[in-house]
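A closer look at the structure
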Amino acid sequence: MLFSLPERAIGQSLAYRTLLSGIYEKDFPLIYPDEVEDLDKFQILDTREWVEYQVSHLPGAIWVGYDTFSLENLKRIDKNKPVIVYCSVGARSQEVGKKLRSAGFLEVYNLYGGIFHWVNEENPIVSQREATDRVHTYSKTWSIWLNKGQKVY
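Residues numbered from 1 in each chain as written. Predicted model: local features only at pLDDT ≥ 70, side-chain atom pairs only at ≥ 80, totals over all residues. Heavy atoms only, no water.

1. Considering unusual backbone geometry
As a reminder of what qualifies: For helices the rule is a DSSP run of H or I covering at least 4 residues; for strands it is a run of E covering at least 2, with both sets numbered from the N terminus onward.
Even without being glycine, arginine 129 reaches a positive phi, approximately 70 degrees. Tracing the sequence through the fold places arginine 129 in the loop between strand E6 (125-127) and strand E7 (130-132). The phi dihedral of tyrosine 138 is positive, around 75 degrees, even though this residue is not glycine. Counting through the fold element by element, tyrosine 138 comes out in the loop between strand E8 (134-136) and strand E9 (150-152).

Structural data, given as structure tokens:
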């Protein structure tokens, strides 16, 4: 469902904002990078594929995948602690987030703009616990939305 995004998205290109507004469902909560003051207050779940996660991810993120996602693998995730799900731009993570909410997770947020927007806003990412600027962009086509960092395909 198409809806308009808040003022904090104005710094992005109209094309990117339009793309994201077409992806996100109005009733699924978004969290913006500038609202995340402390990642430790959240359980961060990376819903991208393993190869994408290996290139880089948000600090403390737990890989849960998308094609291989299974609620059975989330026994160590606390349903009562806030969760942030993310992927490249937010489509895959929203789908995983809906599954989490259906399974009884109380507070699930989709990271607005995914790892692309996170990096574009100059937030940290890691690879094997070391800071990096490399981001797997899913494909060359999707890489146009990553403005900062080193693109990896």
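Having seen the structure, we can now continue with the description.
2. Remarks on the pairing of strand E5 (residues 108-111)
Selection rule: Here, strands pair whenever DSSP counts at least two bridges between them. Looking down the strands as they point away from the viewer, one classifies a crossover as right-handed if the path from the first strand across the helix to the second runs clockwise.
Where strand E1 (residues 30-31) lies against E5, 2 bridges are found, and the strand directions are parallel. Within E5, the residue paired with leucine 30 across the bridge is asparagine 110. On the question of chirality, the crossover connecting strand E4 (residues 83-86) to the parallel E5 by way of helix H3 (residues 91-102) is right-handed.

3. Topic: the packing of aromatic side chains
Note the cut-off: Each Phe, Tyr or Trp ring (for Trp, its six-membered ring) is paired with any other whose centre lies within 6.5 Å, and the angle between the two planes then decides the class: stacked below 30 degrees, edge-to-face above 60, tilted in between. Exposure categories follow from relative accessible area, calculated using a 1.4 Å probe and restricted to protein chains: below 20% of the type maximum is buried, above 50% is exposed, and the middle band is partly exposed.
By the definition in use, this model includes 6 aromatic pairs. Both rings, one in tyrosine 24 and one in tyrosine 112, keep their centres 5.8 Å apart while their planes meet at 55 degrees; by these two values the pair is tilted. Here tyrosine 24, found in the loop between helix H1 (14-23) and E1, pairs with tyrosine 112, found in the loop between E5 and helix H4 (114-120); they are 88 residues apart in sequence, far enough to count as distant. A relative accessible area of 0% places tyrosine 24 in the buried class. On the accessibility criterion, tyrosine 112 (0% relative accessible area) is buried. Both rings, one in tryptophan 50 and one in tyrosine 53, keep their centres 5.5 Å apart while their planes meet at 20 degrees; by these two values the pair is stacked. Taken together, the residues span about one helical turn, with tryptophan 50 and tyrosine 53 both in helix H2 (residues 50-55) at a distance of 3 residues. A residue is classified by how much of its surface remains accessible, and tryptophan 50, at 41% relative accessible area, is partly exposed. With a relative accessible area of 13%, tyrosine 53 lands in the buried category. Following the ring pairs from residue to residue traces out a cluster consisting of Tyr24, Tyr32 and Tyr112.

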